[in-house]
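A look at the structure
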Amino acid sequence: MEHKKFTITDDLLASQGQRLANLIIDLVVQYIIWISIGETIAILADVASGSVLKTWISSMGIVEKGITFAVIAGFYYYLTELYFSRSMAKFLTKTYIIMKDGSKPNYKSILKRTLCRFIPFEIFSFLGGTAGGWHDSMSETYVVKKHEFEKQKKIIILP
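Read on for a plain summary of the structure. Quick caveat: nothing in here was measured; it's all calculated off a predicted structure. (Residues numbered from 1 in each chain as written. Predicted model: local features only at pLDDT ≥ 70, side-chain atom pairs only at ≥ 80, totals over all residues. Heavy atoms only, no water.)

1. Section: the overall build of the chain
Across its full length, the chain carries seven helices and two strands. Put simply, the chain runs from its N terminus to its C terminus through helices and strands in the order α-α-α-α-β-α-α-β-α. Summarising its shape, the C-alpha atoms of the chain cover approximately 70 × 35 × 25 Å along the three principal directions. Counting across all 159 residues of the chain, residues that qualify as buried make up 35%. Taking all contacts inside the chain whose residues are at least 6 apart in sequence as the whole, residues at least 24 apart take part in 70%. As displayed, the chain has an accessible area near 10100 Å², and 69% of this comes from carbon and sulfur atoms. Each charge sign in the chain was given a centre, from 19 positive and 14 negative side chains, and these centres are 4 Å apart. (Helix = DSSP H or I, 4+ residues; strand = E, 2+ residues; numbered from the N terminus. Buried < 20%, exposed > 50% of the residue type's maximum accessible area, 1.4 Å probe, protein only. Contact = heavy atoms within 4.5 Å. Areas by Shrake-Rupley, 256 points an atom, 1.4 Å probe, with all protein chains shown as cover. Lys, Arg positive; Asp, Glu negative; His and termini not counted. Charge placed at Lys NZ, Arg CZ, Asp CG, Glu CD.)

So, in structure tokens, the structure goes:
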């Protein structure tokens, strides 16, 4: 059987609305995780009479809060996208991440994708009218509509 080369077409790419929904939903999920971890630590500190730990959590400054949130966001994106090729938001918007050839991204691509999210002003890279942001282009990944991609994948058999 002849194998055709897979190409990503505009109809496969997630829309700007889907991408914005992914951002908002993922931020909400990350915030819930962040609050849950903080509350769990506070409860454990109460149980263990760890007043120092509880005081530290309740007196965290904006920089410390930002760093802890960034750490959680990094783990969130890396782990969900590495194991599932999608974050929680991408499950809801029925999109996922693929490589240029239609294959699942490897750990290096996902790590690069995750680290690129921390480039200052990266969020504004979507405003240039390109198909994706810097975390897409630098990691050579694409966010595609799940159903359209699977339909196209059945037509073109991937090696």
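The discussion continues.
2. With respect to the environment of Thr-141
Inspection of the secondary structure assignment puts Thr-141 in strand β2 (residues 141-145). Counting along the chain gives 37 residues from Thr-141 to Lys-104, while the straight-line C-alpha distance between them is 9.3 Å. For Thr-141, the residues in contact, after removing those within four places along its chain, are Ile-97, Ile-98, Met-99, Pro-105, Ser-109, Arg-113, His-135 and Asp-136. Within the structure, the side chain of Thr-141 is placed 2.9 Å from the side chain of Arg-113, a separation counted as a polar contact. At 2.8 Å, the side chain of Thr-141 forms a polar contact with the side chain of Ser-139. (Polar contact = N/O pair within 3.5 Å; in protein donor to acceptor, adjacent residues only side chain to side chain.)

3. A word on the nonpolar core
Counting residues in each nonpolar core, the largest one holds seven residues, listed as Phe-6, Leu-12, Leu-13, Tyr-96, Ile-98, Val-144 and Phe-149. Setting aside residues up to four positions removed in sequence, Phe-149 forms contacts with Phe-6, Leu-12, Tyr-96, Ile-98, Gly-102 and Val-144. (Core = buried A, V, L, I, M, F, W, Y, C linked by side-chain atoms within 4.5 Å.)

4. Topic: the pattern of salt bridges
The final tally for this structure, using the stated rule, is six salt bridges. Glu-81 serves as the salt-bridge partner of Arg-113, at 3.1 Å between the closest nitrogen and oxygen. Taken together, the residues Arg-113 in helix α5 (residues 107-116) and Glu-81 in helix α3 (residues 62-84) connect sequence positions 32 residues apart. As far as burial versus exposure is concerned, Arg-113 and Glu-81 are alike and both buried. Taking the shortest distance from any N to any O, the salt bridge between Asp-136 and Arg-113 comes out at 2.4 Å. With a gap of 23 residues between them, Asp-136 in helix α6 (residues 134-137) and Arg-113 in helix α5 connect regions that are remote in the sequence. (Salt bridge = Lys/Arg side-chain N within 4 Å of Asp/Glu carboxyl O.)

5. Focus on unusual backbone geometry
Positive phi is not limited to glycine here, since Phe-121 has a value of about 65 degrees. Its place among the elements puts Phe-121 in the loop between α5 and α6. A relative accessible area of 63% means that Phe-121 is categorised as exposed. The phi dihedral of Glu-140 falls on the positive side, at around 55 degrees, and the residue is not glycine. Relative to the helices and strands, Glu-140 is located in the loop between α6 and β2. Relative accessible area serves as the criterion here: at 57%, Glu-140 is assigned to the exposed category.

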